[in-house]
Structures are given as C-alpha cells and as structure tokens.
Amino acid sequence: MIFKLLGIAAAEIVIYALLRRIRPEFAVLSEIAAAALVFFTVAGELGSVKAFFEETVNASGTGSAYAGILLKILGTALITQFAADAARDSGQSALAEKIEFAGKLLMLSLALPVLKAVLQLITSLSNGL
Amino acid sequence: MDIEIIFRIAAVGLIVAVLNQVLARSGKEEYTMLVTLAGLIAALMLVLPYISTLFGYVRSVFGL
C-alpha cells in the first residue's frame, strides 16, 4: 500500500515540475488531483479505524454522546487542511491562513456543547464542596 | 481511483502548451488565450467529479 502512495507521489512530483514550467495552472490542478488520489488509497483503512473508534466509545457508554462531535471536528480539520495546503502550494499563503482561520472557528463552534458540559460539571462539583 | 487522472491532466496541459506554440508561430496570438481557457475547463471537468466524490466520502465517514 505504501508503495502505491510512493508511486503516486513520485509521478506527481515529476508532473508538477514539468507543468509548472509550461502551464502553471495545470500544475495546481494536478496537485489537487494527486492529493485526492492519495486520500482515496487510504480511505479503506479510514472506515475500519472509524468502526473501531465507535465500537470502543459505545462500549465505554459515557462518552458516546460526544463521539459524533469528535468525528465532526476531525472531518472539518481534515478538509480544512486539504484546502489550506492546496492554497498554500499554489502560492496563496494569505488565502490558506483565511481557510485555516475559518476551519478553526467551525471546529470551535462544533465543540461548544462539550465545553458547556465541562463547565457545568465543574460548577456543580464546586457547589458540592 | 487511479493514477491516470494525473497523467490526463498533464496531457491536457501539454496539448494546450503545444497548441499555443503553434498558434503563436502562425501569427494567431489572439486564440492562445481561448485555447488555454478551453484546456483549463477540460482539466477542471476531469478533476471536479473526483473532488466531489472525495468530499462526499469524507462527509459520509465523519457525519458532517
């Protein structure tokens, strides 16, 4: 499996170098296509990791409410990283920073209920003392 | 889900580059921009369904 990734990366490096000199816009497109391709080759394992994660969390019983939120945050982080790196590679570092800022904001808004629950827990504990 | 999508994009890029050279030599510079645009759109048509399946997959796995 890792060799397939190696093959894709090697092919992409050569094509990017070739296209950047002739037609830079196609180089960026091949960059994005290669990134998607790399992700697809490991997508199979992602499913099994997620199954294992859900199984253990449900077995624990307590955290299962927040497992969905955690997965959502992971997904947003993954996509934000994908977009920000594509932007940074094509020279748009300012745009990459904006995308990362938006991603962080989204993740924070996703995590708000968890933070609220923790704060309530702390206040209830401190009242009990 | 194969590597040839990268090669296809490279092929489109090369064709556009060669066509631009031919057009430039034959004195029709005004068409080079059109050829570049057409090539770019063709490459986009290749990549876009690929990216949408990727995002669809991530959405389904992470429940976004």
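Counting restarts for each chain, with residues numbered from 1 along the sequence as it is written. Note on labels: chains are lettered from A, ligands numbered from 1, in written order. Side-chain atom pairs in this predicted model are given and counted only at pLDDT of 80 or more, local residue features only at pLDDT of at least 70, and totals for whole chains, interfaces and linings cover all residues. Heavy atoms throughout the structure, all of them, feed into the side-chain values; hydrogens and water do not.

### Side note on the layout of surface pockets
Of the two site types, the cavity is a set of points on a 1 Å grid over the protein atoms alone where a 1.4 Å probe fits but cannot get out, and the pocket is an open set with protein on both sides within 12 Å along at least five of seven lines, each lined by residues with an atom within 4 Å of a point. Grid points are joined across faces, edges and corners, and a volume is the space filled by probe spheres set on the points. Of the volumes computed, that of the largest pocket is approximately 380 Å³. Forming the walls of the largest pocket are 20 residues, and the residues nearest its centre are Glu-31, Ala-34, Ala-35, Phe-82 and Asp-85 of chain A. Where the lining of the largest pocket is concerned, the elements lending two or more residues are helix H1 (2-22), helix H2 (24-41) and helix H4 (64-89) of chain A together with helix H2 (30-62) of chain B. Along the lines of polarity and charge, the residues of the lining of the largest pocket split into 15 nonpolar, 1 polar and 4 charged. Only DSSP runs of H or I reaching four residues or more are called helices, and only runs of E reaching two or more are called strands; each is numbered from the N terminus. For this scheme, ten residues count as nonpolar: Ala, Val, Leu, Ile, Met, Phe, Trp, Tyr, Cys and Pro. Four count as charged, namely Asp, Glu, Lys and Arg, and the remainder, Gly too, count as polar.

### Quick look at the interface of chain B and chain A
Any two residues having at least one pair of non-hydrogen atoms within 4.5 Å are treated as being in contact. Facing 31 residues of chain B, the contacting portion of chain A comprises 34 residues. Two parts placed together each lose some accessible area; with a 1.4 Å probe, that loss summed over both constitutes the buried area. With both sides pooled, the region where chain B packs onto chain A buries about 2,700 Å², and carbon together with sulfur makes up 86% of that total. N or O atoms closer than or at 3.5 Å make up a polar contact, with two conditions inside protein: a donor-capable atom paired with an acceptor-capable one, and, for residues adjacent in sequence, both atoms drawn from side chains. There are 3 residue pairs in polar contact (both at pLDDT 80 or more) connecting chain B and chain A. Put simply, the parts of the chain that give the side of chain B that touches chain A at least two residues each are helix H1 (4-25) and H2 of chain B.

### Brief notes about the packing of H2 of chain A against H1 of chain B
Between the N-to-C directions of two axes lies an angle of 0 to 180 degrees, each axis being a line fitted to C-alpha atoms and, for a helix, fitted only over the stretch in contact. The interhelical angle for the contact between H2 of chain A and H1 of chain B, taken along N-to-C directions, is 175°, at an axis separation of 9 Å. With respect to each other, H2 of chain A and H1 of chain B are oriented roughly antiparallel. Only Ile-6, Ile-9, Val-12, Gly-13 and Val-16 of chain B of H1 of chain B make contact with H2 of chain A, whose side of the interface consists of Phe-26, Leu-29, Ser-30, Ala-33, Ala-34 and Leu-37 of chain A. Angular relationships are summarised with four words: roughly parallel below 35 degrees, roughly antiparallel beyond 145, roughly perpendicular across 65 to 115, and oblique for the angles in between.

### Examining the nonpolar core
One finds Leu-19 and Phe-26 of chain A together with Ile-6, Ile-9, Val-47, Tyr-50 and Leu-54 of chain B to be the most contacted residues of the largest nonpolar core, which totals 31 residues. Sequence-distant contacts of Leu-54 of chain B, that is, excluding residues within four places in its chain, are made with Ala-36, Phe-39, Phe-40 and Phe-82 of chain A. Here, nonpolar core means buried Ala, Val, Leu, Ile, Met, Phe, Trp, Tyr and Cys residues that are tied together by side-chain atoms lying within 4.5 Å of each other. Buried means the residue's accessible area, taken with a 1.4 Å probe over protein chains only, is under 20% of the maximum for its type, while exposed means over 50%, and partly exposed covers the values in between.

### Here we look at a nonpolar patch on the surface
All names here are of chain B. A cluster of nonpolar residues, Ile-41, Leu-44, Met-45 and Leu-48, forms a patch on the protein surface that exposes about 380 Å² of accessible area. Inspection of the secondary structure assignment puts Leu-48 in helix H2. What makes Leu-48 partly exposed here is its relative accessible area of 45%. The patch calculation keeps residues exceeding 30% relative accessible area without a salt bridge and links them within 9 Å when they carry like charges or within 5 Å when they are nonpolar (Val, Leu, Ile, Met, Phe, Trp, Tyr). Residue burial considers only the protein chains on display, and all accessible areas are found by Shrake-Rupley using a 1.4 Å probe. One speaks of a salt bridge when a side-chain nitrogen belonging to Lys or Arg is within 4 Å of a carboxyl oxygen belonging to Asp or Glu.

### Regarding the packing of aromatic side chains
Ring pairs are drawn from Phe, Tyr and Trp, using the six-membered ring of Trp, whenever the two centres fall within 6.5 Å, and their geometry is named by plane angle: stacked under 30 degrees, edge-to-face over 60, tilted for the rest. Scanning all chains against the criterion turns up 3 aromatic pairs over all chains. A ring pair is formed by Phe-40 of chain A and Tyr-50 of chain B, whose centres lie 5.5 Å apart and whose planes are at 80°; its orientation type is edge-to-face. Taken together, the residues span two chains, with Phe-40 of chain A in helix H2 and Tyr-50 of chain B in helix H2. Neither residue differs from the other here; Phe-40 of chain A and Tyr-50 of chain B are each classed as buried. Aromatic pair Phe-82 of chain A and Phe-55 of chain B: ring centres 5.9 Å apart, planes at 80°, arrangement edge-to-face.

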